[in-house]
Amino acid sequence: MDTNEAIYLEGGYCNSKTTYSRFLTREVKVGNIAMGGNNPIRIQSMTTVDTMDTIGSIEQTIRMVEAGCEYVRITAPSIKEAENLAHIKKGLKARGYDVPLVADIHFTPNAAETAARLIEKVRINPGNYADKKKFDQIDYTDAAYQAELDRIYKKFAPLVHICKEYGTVMRIGTNHGSLSDRIMSRYGDTPEGMVESALEFIRICEDLRFYDLVVSMKSSNPQVMVSAYRLLVEKMVAENMNYPLHLGVTEAGDGEDGRVKSAVGIGTLLEDGLGDTVRVSLTEEPEKEAPVAIALVNRYAKRGAAMQQNHKQQEIVNLANHSHTAPYQTKEVNAFIGGALVPRIVVDISSSNLKDPFVLDAVGYRYDAVNDKYHMGDQSVDFVYLGSNLPSFVLPGNLKVIYDDATWATLHNKANKHPLFDLSSYQASSTHDPSLNLIRLTNEDLVSDAFGSLAVDKTVVFVLETNHPHGMADQRQFFVNLQTIGLDNPVIIKRSYPAADFSGAVGDDMDPEEPISKIQLYAATDMGALLVDKLGSGIWIDSPATPIDKVASLSFGILQATRSRISKTEYISCPSCGRTLFDLQETTQMIRSRTSHLKGLKIGIMGCIVNGPGEMADADYGYVGAGPDKITLYRGKEVVKKNVSATHALDELIDIIKNDGLWVEEETPPLK
């Protein structure tokens with residue numbers, strides 16, 4: 001690092017875990033738009049058309065810029081594509097657009113060296129820039145490992161010299177699924193391996209006195225992604241580095257799944273003040289990505305102002321005098337919640353028509369009128385909140401119901417019905433549920449006299465609320481405080497999103513065609529940031545402006561994205577680029593239409609060999625473009641069938657799943 005100023009982090013991997021504060025990185029100027037330092041968090045995306053289609057690339061780039069992209073990345077798999085970047089840039093300038101361009105490089109150093117002379121930034125993947133991945137496990141001696149680093153130094157140094165000469169920025173972008181055999185052999189498929197993969201290349205740059213770097217740690221698994229970025233920051237600080245961070249969850253997918261997965265990973269890090277540029281990777285048109293990224297980022301531009309306006313709320317109650325995030329180990333409450341049980345889901349249906357049993361369809365209980373019974377699915381919620389309202393039909397026997405305590409006390413039959421108290425009403429009540437009592441709490445309540453005199457028994461579950469501007473940190477500290485007090489009761493994380501903020505128009509920072517996205521992004525960030533640290537035994541999204549079925553779906557999506565509770569098939573699909581060999585959006589929907597009932601299965605859908613099999617490291621099966629009309633099918637990282645016609649490839653994939661004994665037939669829903 002070309003500075004003598006020491007870097008210190010109070011929070012281990014961030015400035016603070018209790019006060020919102022951005023981690024200060026060095027400024028890096030990409031063309032005429034700087035990132036890092038005190039600059040705003042920048043928005044970027046990547047083109048999907050063939051790089052040799054100059055006009056198509058120009059037109060798509062303009063659409064992306066109009067949607068909010070400040071940088072645009074374009075793939076350059078060979079020298080010819082790298083050279084054509086100059087024509088694309090010239091065409092953009094002729095149209096009045098001076099957006100910085102980024103060349104995406106994987107296996108071809110000569111393409112990187114060409115691009116670095118022509119445009120503002122190059123992205124290289126340290127896992128395959130100077131290596132050919134063979135998935136070999138090699139037992140390196142220290143001398144042999146150093147010899148590999150020396151070889152990489154010689155291969156990589158020319159690009160560094162060119163970047164220095166031309167003022168070109170470089171992103172060293174590690175991907176979880178494409179770590180080199182050298183890294184895999186020594187560190188394994190781990191966040192530590194991801195971080196070391198980048199640091200090896202950063203150290204070469206620093207040895208050559210080149211510091212215009214940006215770093216990323218991408219994975220399709222948000223838990224891995226978050227862990228890798230946090231470790232990267234800790235390691236950089238230990239070596240007195242503070243390079244800007246490019247945040248992204250790779251191969252996030254499309255629709256709600258893609259947005260939730262991205263928000264869990266990116267939002268968790270933004271909450272801790274990490275991140276200088278964001279790319280949301282969706283299997284959709286690239287101009288759809290920028291509004292999602294903008295909605296995530298704008299929340300933090302407003303966060304500081306909100307906290308400045310209310311100094312009292314900046315102070316988070318901290319009984320522990322520290323803020324580690326060790327998993328909060330809870331006891332199990334009567335086989336309902338906590339302990340080793342998966343996190344539970346609460347949905348408020350108190351405003352629904354409680355005279356109609358079909359209202360429960362929205363929360364996963366399909367009413368069969370012919371047989372007068374309910375059918376559960378993989379996404380049937382665990383609890384519904386009715387407040388003070390009573391239904392006029394018989395509820396399913398396996399659905400637990402939460403009532404306000406005063407209403408609950410009047411019920412004659414209390415089976416599967418449980419009270420929700422506040423602190424004072426719990427202490428004042430002479431009647432408690434012998435199996436489950438829910439008590440609403442905030443972190444601030446922990447220092448109140450009422451909590452100090454609370455008699456907590458094994459039936460108590462806390463419903464954790466917050467009105468703090470930095471609500472995630474406030475709720476995270478609650479778990480630390482409970483550990484300090486010595487309590488191990490389960491905690492349901494509740495976040496409320498007022499209808500005024502989430503109804504109708506979604507705000508200036510959102511695409512008006514996606515009115516549901518904002519609640520998806522906010523809830524996935526707020527709750528996902530806790531769940532990735534294994535904090536929370538349940539979640540409760542309170543969003544009156546959001547349809548109930550969307551709240552239920554979102555709740556399951558957040559648990560799936562954090563790997564807390566698997567309830568559906570997961571698709572690891574890349575966002576497409578100029579290397580893609582088939583229509584990813586169409587193909588993803590086709591595969592989803594026939595496999596979406598395979599709960600827990602992870603299917604990778606990759607447009608080319610660059611994004612598979614490595615990038616789908618987390619997948620059980622893979623569908624990868626191998627050439628025009630040619631698909632290669634994988635089981636994990638193993639090739640099962642090569643060059644299958646795209647016409648038959650999905651049938652062949654299903655046959656592989658069936659032969660492995662993992663196929664189940666889809667149930668036909670009952671007629672209403």
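Residues numbered from 1 in each chain as written. Predicted model: local features only at pLDDT ≥ 70, side-chain atom pairs only at ≥ 80, totals over all residues. Heavy atoms only, no water.

Right, let's get into the side chain of T268. Considering the arrangement of structural elements, one finds T268 in helix α8 (residues 255–271). Looking at T268, its side chain comes within polar contact range of the main-chain oxygen of V264, at 2.4 Å. Apart from residues lying up to four places away in sequence, T268 is in contact with V226, R230, A263, T525, G528, A529 and V532. (Helix = DSSP H or I, 4+ residues; strand = E, 2+ residues; numbered from the N terminus. Polar contact = N/O pair within 3.5 Å; in protein donor to acceptor, adjacent residues only side chain to side chain. Contact = heavy atoms within 4.5 Å.)

If you trace the eight strands from one edge of the open sheet to the other, you get β8-β7-β6-β5-β4-β3-β10-β9, paired in parallel fashion. The open sheet has two edge strands, β8 (213–218) and β9 (246–247), and neither has a second partner. In this sheet, strand β6 (residues 121–124) lies alongside strand β5 (residues 101–105) in parallel orientation, the contact comprising four bridges. Counterpart to D104 in the pairing with β6 is R123. The strands touched by helix α2 (residues 79–94) are β4 (71–75) and β5; relative to β5, the strand with the most contacts, the crossing angle is about 165°. (Pairing = 2+ DSSP bridges. Axes fitted to C-alpha atoms, helices over the stretch in contact; angles between N-to-C directions.)

Let's shift gears to the pattern of salt bridges. Considering all chains together, one arrives at 32 salt bridges under this definition. Note that R123 and D104 form a salt bridge whose closest N and O atoms lie 3.1 Å from each other. With R123 in strand β6 and D104 in strand β5, this residue pair connects regions lying 19 residues apart in the sequence. The class of R123 is buried, set by a relative accessible area of 4%. Owing to a relative accessible area of 2%, D104 belongs among the buried residues under this scheme. Measuring nitrogen to oxygen at the nearest pair gives 3.5 Å for the salt bridge that ties R495 to D526. (Salt bridge = Lys/Arg side-chain N within 4 Å of Asp/Glu carboxyl O. Buried < 20%, exposed > 50% of the residue type's maximum accessible area, 1.4 Å probe, protein only.)

For the rest of this paragraph, the subject is the sheet that holds strand β18 (residues 460–464). Pairing is parallel around the closed barrel formed by eight strands, whose spatial order is β11-β14-β15-β16-β17-β18-β19-β20. Neighbour-to-neighbour, the strand axes of this sheet turn through a mean angle of 25°, independent of strand direction. Note that strand β15 (residues 400–404) and strand β16 (residues 417–421) share four bridges and pair parallel. The residue of β16 that forms the bridge with D404 is L420. Strands in contact with helix α14 (residues 471–485) are β17 (437–441), β18 and β19 (491–496); relative to β19, the strand with the most contacts, it is inclined by about 160°.

Quick look at the nonpolar core now. Membership of the largest hydrophobic core comes to 153 residues, with the highest contact counts inside it found for M170 and F462. In contact with M170, not counting residues within four places along its chain, are K121, V122, I124, F156, L159, V160, C163, C205, F210, D212, L213 and V214. Core analysis: the second largest hydrophobic core is formed by 19 residues, I605, L650, L653 and I654 among them. (Core = buried A, V, L, I, M, F, W, Y, C linked by side-chain atoms within 4.5 Å.)

Where burial is concerned, the two faces of strand β21 (residues 570–573) agree: the one with E570 and I572 and the one with Y571 and S573 are both buried. For β21 and strand β22 (residues 602–606), the ladder comprises four bridges, and the chain directions are parallel. The residue of β22 that forms the bridge with I572 is G604.

Bringing unusual backbone geometry into the picture now. Positive phi outside glycine occurs at R209, with the angle close to 60°. The class of R209 is exposed, set by a relative accessible area of 63%. Even without being glycine, N240 reaches a positive phi, approximately 60°.

Everything listed is a geometric property; what it means functionally is a separate question.
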